[in-house]
Structures are given as C-alpha cells and as structure tokens.
Amino acid sequence: MGTSLRNISLEIPENKITLLLGKSGSGKTTLLRCIAHLEKNYTGEILYRDQPLSILLAKDRCRVLGFVPQSYALFPHMTLLDNCAQPLRLQGEPSAQAKALKMLESLDMGPLAHRKPHELSGGEQQRGAIARALVLDPAYLLFDEPTSALDPENTTLFIDLLRQFKKGMLIATQDMAFAAKLLDRAFFMENGAVIEQYESTEFLSLESRLGKFLDNTIRKK
Amino acid sequence: MNTYLELFFRCAPLLLKGTLMTLQVLLSSALLSFSLGTMMGILSCGRLKIPVISTIVEGIAFVYRAIPFYVQLLIVYFVLPDLMGFNLEPFSASVISLGMCSAGYVAQIIRGGLNTIPLAQWEAAEALGYNTQNSLRYIVLPQMVRHVLPALNNELDALLKSTAVVSSIGMLELTRMGMNLVSREMEPVPIYLTVALFYLCMSALLNGLARKVEQRISYVKN
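Residues numbered from 1 in each chain as written. Chains lettered and ligands numbered in written order. Predicted model: local features only at pLDDT ≥ 70, side-chain atom pairs only at ≥ 80, totals over all residues. Heavy atoms only, no water.

Novice: I'd love a proper account of helix H6 (residues 152-164) of chain A, names of residues and values included.
Specialist: The terminal C-alpha atoms of H6 of chain A, which comprises 13 residues, lie 19 Å apart, in line with the 18 Å expected from a rise of 1.5 Å per residue. Buried residues along H6 of chain A sit against helix H5 (122-134), strand E5 (140-144), strand E6 (168-173) and helix H7 (176-182) of chain A. (Helix = DSSP H or I, 4+ residues; strand = E, 2+ residues; numbered from the N terminus. Expected span 1.5 Å × (residues − 1). Contact = heavy atoms within 4.5 Å.)

Novice: Please set out the nonpolar core residue by residue, giving values where relevant.
Specialist: By size, the foremost hydrophobic cluster in this structure holds 68 residues, and its most contacted members are Ile-130, Phe-143, Leu-162 and Phe-165 of chain A. Both domains that meet at this core, namely domain 1 (1-53 + 138-221) and domain 2 (74-137) of chain A, each give it at least three residues. Not counting chain neighbours up to four residues away, the residues in contact with Leu-162 of chain A comprise Phe-143, Met-169, Ile-171, Phe-178 and Leu-182 of chain A. Counting 28 residues, the second-largest nonpolar core is a separate cluster that includes Val-25, Ala-93, Cys-101 and Phe-198 of chain B. (Core = buried A, V, L, I, M, F, W, Y, C linked by side-chain atoms within 4.5 Å. Buried < 20%, exposed > 50% of the residue type's maximum accessible area, 1.4 Å probe, protein only. Domains from an automatic or database assignment.)

Novice: Kindly report on the interface of chain B and chain A, identifying the contributing residues and their values.
Specialist: At the interface, 18 residues of chain B touch 24 residues of chain A. When the two sides are added together, the surface that chain B and chain A hide from each other amounts to roughly 1,800 Å², 63% of it contributed by carbon and sulfur. By the criterion of area lost to chain A, the three top residues of chain B are Glu-126, Leu-128 and Tyr-219 of chain B, representing 31% of everything that side buries. Note that Glu-126 of chain B and Lys-40 of chain A form a salt bridge whose closest N and O atoms lie 2.9 Å from each other. Here chain B and chain A share four residue pairs in polar contact (both at pLDDT 80 or more) between them. Looking at the side of chain B that touches chain A element by element, the count peaks at seven residues for helix H5 (residues 119-127) of chain B. Grouping the amino acids of the side of chain B that touches chain A by side-chain chemistry returns eleven nonpolar, four polar and three charged. (Buried area = accessible area lost by both parts, 1.4 Å probe. Salt bridge = Lys/Arg side-chain N within 4 Å of Asp/Glu carboxyl O. Polar contact = N/O pair within 3.5 Å; in protein donor to acceptor, adjacent residues only side chain to side chain. Nonpolar A, V, L, I, M, F, W, Y, C, P; charged D, E, K, R; others polar.)

Novice: With reference to specific residues and values, describe the packing of helix H1 (residues 2-44) of chain B against helix H7 (residues 174-185) of chain B.
Specialist: All names here are of chain B. Running from amino to carboxyl end, H1 crosses H7 at an angle of 155°, the nearest separation of the two axes being 7 Å. As far as their axial angle goes, H7 and H1 are roughly antiparallel. The two elements H1 and H7 cross, and the hand of that crossing is right-handed. Note on element contacts: H7 touches H1 through Leu-174, Met-177, Gly-178, Leu-181, Arg-184 and Glu-185, opposite Leu-7, Arg-10, Cys-11, Leu-14, Leu-15, Lys-17, Gly-18, Thr-19 and Thr-22. Here the residues of the contact of H1 with H7 sort into seven nonpolar, four polar and four charged. (Axes fitted to C-alpha atoms, helices over the stretch in contact; angles between N-to-C directions. Parallel < 35°, antiparallel > 145°, perpendicular 65-115°, else oblique. Left-handed = near helix turned anticlockwise from the far one by under 90°.)

See the structure below:
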C-alpha cells in the first residue's frame, strides 16, 4: 500500500528532466506508479495532450510512458534481446528483432544481447531495462529510484546516458548528489503532497532546503 | 532360480500389458489434471481473481482435495451414471476421477507458483504493453513452470501410484494383472515384488524425464 496522495496538480514537460524529490514515504513512488497506471485506484485525471491516460489500452499507453522500475524487472527467462524485442512483436512490428538489437547497440549493449539478466551486472541490467522501455519510443520515461543500486561510477554513466535522450523524463529519487547533476525542474513532496516546485535556476535554494531537511531527519533519528 | 525365471517369462506379457494400461490411464489423467488444475490455479491466483468465479473454483478444488480418491472413483463410476442416466467405461471413470482429484492439488501448486512471481514482473509487463493474456503466456507462466516443476513431478508420481486403486473397478492395469496372475500361479511373493519393481521403473523413468526437463529450462546451467 503506497502513501496516500493529496491535491496533486503538476505538469511534466516533454524533452525535459523532471525530478520528484522527497524522503521515503513522501509519495514519490506512489505518484510515479499512478502516472504509469500501475496504481489504478485514484481520483482525478492524468492527461497526455488533453487525453486521459486511463482510457488507453496497455499497448497504446506504453507508447506514451516507458517505466523503468527500481528493481529493473528484466524478465529472467529471456535474453536481453528478447526482453527488448518481445514488446515490439506484440505491437505487430515486423522487424522487432532488428530494431531491438539496434536499440541495444545504441546503448553499447550489442555484445550482451544474447545474455540472460543474471549474467549482467547491476549497471548493465539498468541499461537493459532502459533499452527495453526505449524500444517502444515512448514520449516519456519514468524512473523509480534509478541510482539506488548503482555505485558512483555507474551513476555517472547513467547521468551521461540520460542526457543523450530527447525525451520527457520523470525521475523519483532521494539521491541529492544525483539530482544536483541532472535537474531541469523538480517537485518536492512531503506526506503525499507536492509542497514546492523548483526550476533549475533555483536549485541552490532547493539544495540548501533539502540539506536542512536531511540534517533535521538525521538529528531526529 | 530357474523356476522363478520361468514364472517371470510366463507372467511378463500380461504384466507388460498391465503396465501399458497403467501408462495410458496415467497419461490421460495427467493431461486432464494438469490442464484443469492450471486453469483453476490461474483463476485462484491473487492477481487474477475474478469475483464469484474464483470463489467457486477454489471451492471445487477444495472438494477435489477433501474427498478420498477411492470415494471419488466410486462416485464417478457408480453414482454419476445412475444420476445422469448414462454408462461410463472403467477407463473413462478412472481417468475422470484421477484427473479431477489430482487437479485439486495441481491447482494449489499453480496458485502457489503464480504467487511467487514478483509483482514487479507483472507490472513491468503491463508497462510494456502486455495484456493479461500475453503477460501470462510470455512472462509469468514460463517463469512459474521453473518454480513448480519439482512439485508437479511429485504430483505425477502420486498419480502413478493412485492408478493402482482403479483396479477396484475392474481396470486391467498393472496391479489388477498382478492380482490375476497370483490367482493363476499361486505365487504372491515373486509376482507382487515384480509388480512393485515395474512401478519403481516407471517412477524412475518419470523422475529422470522431469529432471532432464528441469535442467533444460533452468536459467542457470549447472
């Protein structure tokens, strides 16, 4: 059961990186899951170009939103290539295999295409999950705590990777070092509500705001 | 020793005929049990529950498990034809009762197996445009089979041994053949021991096959 959300109203621009920030239990992941339509029990509307996302079929929704879960959730019985090609096959794409391979190659994953997820490192699995979401060419990519299982080196690689994409991105994270390097736009959440919104120019104040918040949390503990 | 060898060669044709019948009953009832049990298991798994229908299916699976197999066999062979006004051959009655009884257990195995698949796998599939049918077909069932194969193998073993009970309604399977041969030859010890050996061989064969399949579909090759 996720955190209850209250009075959320926000706009996520295309072709920009938007961050959802806040401590654990603030509602970031719940909001991300509502947008990805993985939580269906909510009131209100989530619109894409004035159309409610809830009325779309799963096969159409995945063309709007690509979701990369915190655990990556690659399908363990399939090779990386099949992980990426199968969604295309289900969409009736005739050259699914070739397109999937091209996508993997564009992320430097070509040589790993025939490996199964358990044969990949954490960073490689993440890139695999991104390739799988990207192969359907969605308008937005949603990430849930993308750096939680990455070491600093892989986090840097991940940031470089994100900068290559011309996509709207919504990233739920509490990793401030990561957020500081990426920010275009951020929403700060607490107790299931968006309490503040920042643009990149205001980031210094956000950083100090979060710094104070984190200090308080540590002191309380 | 020679006497026993002569006895074995005299009995072997009928014992093999019985073995063949046992295998026919086993394979037919396993087919019924695994397909019915899989459907019932899918309908009672936490994520795919359908109001009312799932409760009814769980109730039926419980009845299949709760009533002893022998009683189910008697009901299918004697009671059902009487109520419905048709005759059932011993073979059909055996397959139906074995299949139904075992389906109750298979349903539990499948339900348990489906519930072990992490929620993230279902959600990742949904986010990638898989509908429920495709999620089951391409993502969930292939993973689940790997988890439940040892339990299904156990169920197949149990089913093999339960086929001995259908001798009570006149099925000429391995156990009944053994009993008939004992009446003819008056040599219960070697004949029943040979019957036991035949069951042991069939079980070893099934276990060997299951182990091969298990290795073949495992993610990690040992």
